[in-house]
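Architecture and fold: a report
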Amino acid sequence: MEPITLCGAIILAVGLWEEFEPIMMKIARAISNSTIMTAIAAPPTEQKPLYVKYMTGIGS
């Protein structure tokens, strides 16, 4: 790619970012605050060990 084209593409990308940044940030906040994302990101509940009432083969 020619340097002038590359510079134009970078300027265009920065300009579009500045133009649409507030909209994209609102969308990102809405997604991150949704109940689905909160449930996915929440730490799993602590698992408690399952105790065996009778263990076979020990002490018999």
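Below is a summary of the structure that appears in this document. This one's a predicted model, so the numbers in the text were calculated from it and none came from an experiment.

Rules of the game
- Residues numbered from 1 in each chain as written.
- Predicted model: local features only at pLDDT ≥ 70, side-chain atom pairs only at ≥ 80, totals over all residues.
- Heavy atoms only, no water.
- Helix = DSSP H or I, 4+ residues; strand = E, 2+ residues; numbered from the N terminus.
- Buried < 20%, exposed > 50% of the residue type's maximum accessible area, 1.4 Å probe, protein only.
- Areas by Shrake-Rupley, 256 points an atom, 1.4 Å probe, with all protein chains shown as cover.
- Expected span 1.5 Å × (residues − 1).
- Bend = angle between axes of the 7 residues up to and from the residue.
- Patch = residues over 30% accessible without salt bridge, like charges linked within 9 Å, V, L, I, M, F, W, Y side chains within 5 Å.
- Salt bridge = Lys/Arg side-chain N within 4 Å of Asp/Glu carboxyl O.

1. Remarks on the overall build of the protein
The number of helices and strands found in the protein is two helices and zero strands. Looking at the protein as a whole, 0% of its 60 residues qualify as buried. Only carbon and sulfur atoms are counted for the fraction: they give 69% of the accessible area of the protein, which is about 6200 Å².

2. Description of helix H1 (residues 3–32)
Relative to the 44 Å expected for 30 residues at 1.5 Å per residue, H1 spans just 38 Å between its end C-alpha atoms, considerably shorter than the ideal helical length. Approximately 60 degrees is the largest bend angle found in H1, and it occurs at Phe20, with the proline Pro22 only one to four residues beyond.

3. Thoughts on a nonpolar patch on the surface
Taken together, the side chains of Leu12, Leu16, Trp17, Phe20, Ile23, Met24, Met25, Ile27, Ile31, Ile36, Met37 and Ile40 define a hydrophobic patch exposed on the protein surface, amounting to about 1200 Å² of accessible area. Of all the secondary-structure elements, those providing two or more residues to the nonpolar patch are H1 and helix H2 (35–41). No other element matches the nine residues that H1 contributes to the nonpolar patch. Among the secondary structure elements, Met25 is positioned in helix H1.

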